[in-house]
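A closer look at the structure
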Amino acid sequence: MDRERRQIDPFLIFIVALSLFSFGRLFGIRDIIWDDNCWLLSAYASSNLKDFLNTGLAELRRIPQGAFLYYFFILHKISGFAYLIWNTLAVAIQVFSPVLLYLFLKKLFRGGLLLAFLISVFLILCLLDTTLICYQHLPYRLALLFSIGSFYFMYEAMNYGPRRPVFFMISYILSACASYTLLESVVSFEPARIFVIAYVLRQGGASGKSLLKKTVTNWLPFFFILTPLIIYKSVFKPYGLYAHEYSMSLDYLINFKNYLLLIKHLLFWNWLFMLKHILRASFISWFLGIFAVSLSFYFLSSRLQMLRKETDVILDGKAFKGCVLLGLLFLFPPLIMYALVNRFASFGMNSRHAIILEPGYAIIGGSIAYLLYLSFFSSPSRIRWAAVIVSLWIGLGVLVNNIALDMGFYAASYQGKFWRAFTARFPALPAKAVFLTDIYDDSLLYDTDFHVFYAIELPLNILYATSKDADKFREYKVYNISEWMKEGMPTAPFSRPSHYGRDFFDPKEFIVINYRNNELLVNREILKKYPDVPYRSLADKDFPKIERKGLSYPLRYKLHDSS
């Protein structure tokens, strides 16, 4: 028995390999995509934690999360290893999340080895979220990992007497860290936790009032840990920059249009979107996908023939129904919580709202795959066909995940070209300036860097900072053309809210930038090539005169593709 326990689980090794095939290329991305620039801009413009929190980023969140994010993003300011640390963390989360889910489900549902394996594979391949390249969303994924870990150690605590207090303590700490510091919405996993506690006790022989009493007793510590957070979030009135986005209403809950979009998202919309661009996939994406097919077929065709004779591979009916119920309890409470505040998951940036749905989605999806798989279990020849089908599915999933990463690499490359063109035209800048930017980005990304002002402000200020002083960092501001047109194309002085209070602008002072096909035009140069642009009156001026020589830029090395 001891020797068997020491043996390495080949399914576990396969899960790790599959995660690395799908997400290992994250190590190659060295750029900040989308909203991350907002947080980093605040980190660079702050000299301490209080300054960072005062930029408004933590106004709708508890202070512990604001502190976590400050120290998380300050790495980019104080270290040359920020990308290595963040990418290592991102890949580690994508590896350990399915590993822990596999170990937890395999132990919880005895005889569920195949089921746990297919669920973990589903978690890896069928991501509902496409924002892996966004460092800002790593805390969401870390919260998910901690939550799965909390369930795993809770199960261990309930089954191993001598180590019971230690395992329970680890489970409490992981639960508290996930909810208080990372993502408060993981409290919606508590119905699933109650079910797991009751299920384990029932397996141990408890029933009736004894089962109810023991379930409540085991769950009460988690309840008391989370109660202060729930009370705080219930009475706290949102304020500040994002207050209008987080209102709660029953009208959101019955908005069937949003549910249709969500259902579309759940039915492999990410895959359909990615596969539309399959011809633009990189060679390495194709290679990893094809290699995953070959490896999967070799592994499955050999292992499943052996497992066919093992009775502990097949779940009994009650355990299978219990697994499906657990999936529903992981899926629907967070879905309802997010629906109440109108944070429905959809493609692009809003897909981050689906991170919390992924365990439940994987359990339901993996259970369906398990049922289909059982229909092939009757003969060796049918098992080989099942191995072929599952291998093709795995290979396609690896390809899709890598196409999503290709989008990140493409965006980073496009940014690099833009900043090389910019620094070529502007060896130096005025002491202060405001840019109106009209940048066309043909990236595959649904939402792109150049559509929000702070995405450009961060690298602009890094490139042209003449000091490391936080008070002097935000010398250059950006107003995006889409924002300007949305505000009615003002030509008189106006203002807008920002994380630093209100920004005031005089459009007559804008330096207008137009970027197309690696050609960067400035002010009147734009009118010669594009005479009908809507900002004609603002661009009708000479190239700005800049006489600033001998300046050094101590932060420029932070933008890796600026040379």
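I will try to describe carefully the structure that is included in this document. Here the structure is a predicted model, which is why all the values come from computation and not from measurement.

Let us now look at the overall build of the protein. Of the regular secondary structure elements, the protein holds 21 helices and six strands. Here the contacts in the protein between residues at least 6 apart in sequence split such that 79% fall between residues at least 24 apart. Looking at the protein as shown, the accessible area adds up to about 25400 Å², and 64% of this sits on carbon and sulfur atoms.

The subject of this paragraph is the side chain of His265. In this structure, His265 sits in helix H13 (residues 256-276). Setting aside its immediate chain neighbours within four residues, His265 contacts Leu128, Asn270, Ala345, Ser346, Phe347, Ser351 and Ala354.

Moving on to the sheet that holds strand S5 (residues 511-516). Spatially, S2-S1-S5-S6 is the arrangement adopted by the four strands of the open sheet, whose pairing is mixed. Two strands close off the open sheet at either side, each with one partner strand: strand S2 (476-480) and strand S6 (519-522). Within the sheet, the average angular offset between the axes of one strand and its neighbour, ignoring direction, is 25 degrees. Where S5 lies against S6, four bridges are found, and the strand directions are antiparallel. Bridging across to S6, Arg516 finds its partner in Glu519. Together, strand S1 (433-439) and S2 form the strand contacts of helix H18 (residues 453-464), whose direction differs from that of S2 by roughly 150 degrees.

Right, let's talk about a nonpolar patch on the surface for a bit. Residues Leu212, Val216, Leu220, Phe223 and Phe224 make up a contiguous nonpolar surface patch of roughly 460 Å² in combined accessible area. As for its position among the elements, Val216 is in helix H11 (residues 208-235). Judged by relative accessible area, Val216 falls into the partly exposed class, the value being 38%.

A word on the packing of aromatic side chains. Taken as a whole, this structure holds 54 aromatic pairs when the rule is applied. Arranged with centres 6.0 Å apart and planes meeting at 45 degrees, the rings of Phe122 and Trp393 form a pair that is tilted. Taken together, the residues Phe122 in helix H7 (residues 113-125) and Trp393 in helix H17 (residues 380-425) connect sequence positions 271 residues apart. With a centroid separation of 6.0 Å and an interplanar angle of 15 degrees, the aromatic rings of Phe287 and Phe291 are classed as stacked.

Relative to the assigned elements, Leu521 resides in strand S6. On the accessibility criterion, Leu521 (9% relative accessible area) is buried. Each C-alpha atom, one on Leu521 and one on Ala421, is 9.7 Å from the other, the two residues being 100 residues apart in sequence. Filtering out sequence-adjacent residues up to four positions away, Leu521 remains in contact with Arg425, Val512, Ile513, Asn514, Ile526, Lys529 and Tyr530.

Examined against the element boundaries, Asp540 turns out to sit in the segment after helix H21 (536-539). On the basis of relative accessibility, which here comes to 45%, the residue Asp540 falls in the partly exposed class. Spatially, the C-alpha atoms of Asp540 and Arg524 are 5.0 Å apart, while their sequence positions differ by 16 residues. Discounting chain neighbours no more than four positions away, the residues touching Asp540 are Arg524 and Leu527. One polar contact links Asp540 to Arg524, side chain to side chain, over a distance of 2.9 Å.

Let us now look at the environment of Ser22. Structurally, the position occupied by Ser22 is in helix H2 (residues 10-23). Sequence spacing of Ser22 and Gly289 is 267 residues, and the spatial spacing of their C-alpha atoms is 8.6 Å. Those residues in contact with Ser22 that lie beyond four places of it in its chain are Ile124, Leu125, Val398, Asn401, Asn402 and Leu405.

Okay, the pairing of S2 next. Taking burial as the measure, the five residues of S2 include four buried ones, the bulk of the element. As judged from the five bridges shared by S1 and S2, these two strands associate in the parallel manner. In the sheet register, Ala433 faces S2, and the bridge partner there is Tyr476.

With that settled, consider the pairing of S1. Counting buried residues in S1 gives seven out of seven residues, a clear majority hidden from the surface. Burial along S1 is two-sided: the residues Ala433, Phe435, Thr437 and Ile439 and Val434, Leu436 and Asp438 are all buried. Summarising the sheet, S1 and S5 pair through five bridges and their orientation is parallel. What sits directly across from Phe435, in S5, is Ile511.

What follows concerns the packing of H2 against helix H6 (residues 82-108). In contact at an axis separation of 9 Å, H2 and H6 are set at 150 degrees when each is read in the N-to-C sense. Classed by the angle they form, the pair H2 and H6 counts as roughly antiparallel. As H2 packs across H6, the resulting crossing turns out to be right-handed. Contact residues: Phe11, Leu12, Ile15, Val16, Ser19, Leu20 and Phe23 in H2; Val91, Gln94, Val95, Pro98, Val99, Tyr102 and Leu103 in H6. Classifying every residue of the contact of H2 with H6 by side-chain character gives twelve nonpolar, two polar and no charged.

Moving on to the packing of H6 against helix H8 (residues 138-159). At a minimum axis separation of 9 Å, H6 and H8 run at an interaxial angle of 30 degrees. In terms of their interaxial angle, H6 and H8 are classed as roughly parallel. Seen along the crossing, H6 lies across H8 with a hand that is left-handed. Here the contact of H6 with H8 is built from residues that sort into 17 nonpolar, three polar and three charged.

This next bit is on the nonpolar core. Grouped together as the largest cluster of nonpolar side chains are 167 residues, with contacts concentrated most on Phe117, Leu125, Leu326, Ile394, Phe422, Phe426 and Phe435. Counting residues in each nonpolar core, the second largest holds 16 residues, with Trp484, Phe494, Phe505 and Val512 among its members.

This part covers unusual backbone geometry. With a phi close to 50 degrees, Asn517 is a non-glycine residue in the positive phi region. Tracing the chain through its elements places Asn517 in the loop between S5 and S6. Classification of Asn517 as exposed rests on a relative accessible area of 72%. With a phi close to 65 degrees, Asn518 is a non-glycine residue in the positive phi region. Among the structural elements, Asn518 can be located in the loop between S5 and S6. Look at Asn518 and you get partly exposed, because its relative accessible area is 49%.

Analysis parameters
- Residues numbered from 1 in each chain as written.
- Predicted model: local features only at pLDDT ≥ 70, side-chain atom pairs only at ≥ 80, totals over all residues.
- Heavy atoms only, no water.
- Helix = DSSP H or I, 4+ residues; strand = E, 2+ residues; numbered from the N terminus.
- Contact = heavy atoms within 4.5 Å.
- Areas by Shrake-Rupley, 256 points an atom, 1.4 Å probe, with all protein chains shown as cover.
- Pairing = 2+ DSSP bridges.
- Axes fitted to C-alpha atoms, helices over the stretch in contact; angles between N-to-C directions.
- Patch = residues over 30% accessible without salt bridge, like charges linked within 9 Å, V, L, I, M, F, W, Y side chains within 5 Å.
- Salt bridge = Lys/Arg side-chain N within 4 Å of Asp/Glu carboxyl O.
- Buried < 20%, exposed > 50% of the residue type's maximum accessible area, 1.4 Å probe, protein only.
- Phe/Tyr/Trp six-rings, centres within 6.5 Å; stacked < 30°, edge-to-face > 60°.
- Polar contact = N/O pair within 3.5 Å; in protein donor to acceptor, adjacent residues only side chain to side chain.
- Parallel < 35°, antiparallel > 145°, perpendicular 65-115°, else oblique.
- Left-handed = near helix turned anticlockwise from the far one by under 90°.
- Nonpolar A, V, L, I, M, F, W, Y, C, P; charged D, E, K, R; others polar.
- Core = buried A, V, L, I, M, F, W, Y, C linked by side-chain atoms within 4.5 Å.

Keep in mind these values describe shape, not function.
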